[in-house]
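An overview of the molecular structure
What follows is the residue order along each chain.
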Amino acid sequence: MAGGVGAGGETAACEAEREPDPSDSLRTFGAVVQALREHAGLSRVQFGELVRFSKHTVESVELGRRMPDASFVERAEEVLGNTGALRHSARFLTRGEAGLAVWFRRWAQLEKVAVSLCTYECRLVPGLLQSVGYMRALCDNDIPPLSDEDLEATVQARLGRQRLLVERPNTAFDFIVEESLFVRRLGGADVTSDLIDHVLQAVAPRNVTLQIMPADTEYHACMAGPIQMLETPDGSWRGYSEGQENGRLITDPKQVSRLHMRYARLRSQALSPKDSLGLLERMRGEL
């Protein structure tokens, strides 16, 4: 479902959002530390003495069970050759967050600092715009079924992401969503009615724009699937692509450029923000 968080930026199934322990980024960093340590011919005890941490701490870091602090990274870097590998890779470490898919975590971190975020969804309403009832309906339809604990973790993770719309008023949030996602009435008429009310409220701020892609359109620039893009504070752009059980951060400039072109064309094909809100209000009245 977005973001890693189940739907909308995200993966189409809540199952994919379950939090593994430890996180992939911590496991990868730990494996690099272990490989460099062993290459240097050091035992965990010897290495621990050099970096002034216990053998147990070294073991926890290498197994991905512990987030290394800055002093560990700096001392390990100096002891293991000062290549810069640990210092640079440590910037991408993320703690495990219940409810977030493994592959979505890096994108979720980038969202928190983005100055612009563009989302097109054709599978389900983006996670940043979902009502709680819609979140639960998505998880209720997941196969295999989620436990109550995992379902609540998914809902809370998604609600946490939604705070971005309020806490980052200087970030531009642009959404293009297929009309069919509201026509589907996932969870029933009451859930859909509440969803539309929630979406209308979420897109009310000046920095949030919603466009609806009409179901009867003759032209469509994004038949290849959903698109997510964001602009970082340094002016660079990143893309994100997600399917069932996987997600991919896109950094290649040529690939990101193609996503830009498709998204720009789709914006011209979708209803205007004013007409989109009018359509949602009419749909709300018909429920």
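Our subject in this report is the structure included herewith. In this text the structure is predicted, and so the values were computed from the model without any measurement.

Definitions and cut-offs
Residues numbered from 1 in each chain as written. Predicted model: local features only at pLDDT ≥ 70, side-chain atom pairs only at ≥ 80, totals over all residues. Heavy atoms only, no water. Buried < 20%, exposed > 50% of the residue type's maximum accessible area, 1.4 Å probe, protein only. Helix = DSSP H or I, 4+ residues; strand = E, 2+ residues; numbered from the N terminus. Arc of directions from axis to C-beta. Contact = heavy atoms within 4.5 Å. Phe/Tyr/Trp six-rings, centres within 6.5 Å; stacked < 30°, edge-to-face > 60°. Core = buried A, V, L, I, M, F, W, Y, C linked by side-chain atoms within 4.5 Å. Pairing = 2+ DSSP bridges.

1. Details of helix 2 (residues 44–51)
Turning to helix 2, its buried residues number three or more, namely Arg-44, Phe-47, Gly-48 and Val-51. For helix 2, the arc enclosing every buried residue in end-on projection is 100 degrees, short of the 170-degree limit, so these residues lie on one face. Where the residues of helix 2 are buried, they touch helix 1 (24–39), helix 3 (55–62) and helix 4 (70–79). Looking one or two residues past helix 2, Arg-52 carries a phi angle of roughly 65 degrees, positive in sign.

2. Comments concerning the packing of aromatic side chains
By the definition in use, this model includes three aromatic pairs. Ring plane angle 80 degrees and centroid distance 6.2 Å describe the contact between Phe-47 and Phe-72, whose orientation is recorded as edge-to-face. Here Phe-47 is found in helix 2, whereas its partner Phe-72 is found in helix 4, with 25 residues between them in sequence. Assessed through its relative accessible area of 1%, Phe-72 is described here as buried.

3. Quick look at the nonpolar core
Core analysis: the biggest nonpolar cluster contains 33 residues, and Leu-129, Phe-173, Phe-175, Phe-182, Val-199, Leu-210 and Leu-280 have the highest contact counts within it. Secondary-structure elements contributing two or more residues to this core are helix 6 (105–111), helix 7 (132–140), helix 9 (164–167), strand 2 (172–178), helix 10 (180–183), helix 11 (189–202), strand 3 (208–213) and helix 13 (273–286). A per-element tally of this core places helix 11 first, with five residues. One finds Leu-26, Val-51, Val-73 and Leu-80 within the second-largest nonpolar core, a separate group that totals 15 residues.

4. Brief notes about the pairing of strand 1 (residues 116–121)
By the criterion of burial, strand 1 is predominantly enclosed, with six of the six residues buried. Where burial is concerned, the two faces of strand 1 agree: the one with Ser-116, Cys-118 and Tyr-120 and the one with Leu-117, Thr-119 and Glu-121 are both buried. Where strand 1 meets strand 2, six bridges bridge the pair, whose relative direction is parallel. Within strand 2, the position partnered with Tyr-120 by the bridge is Ile-176.

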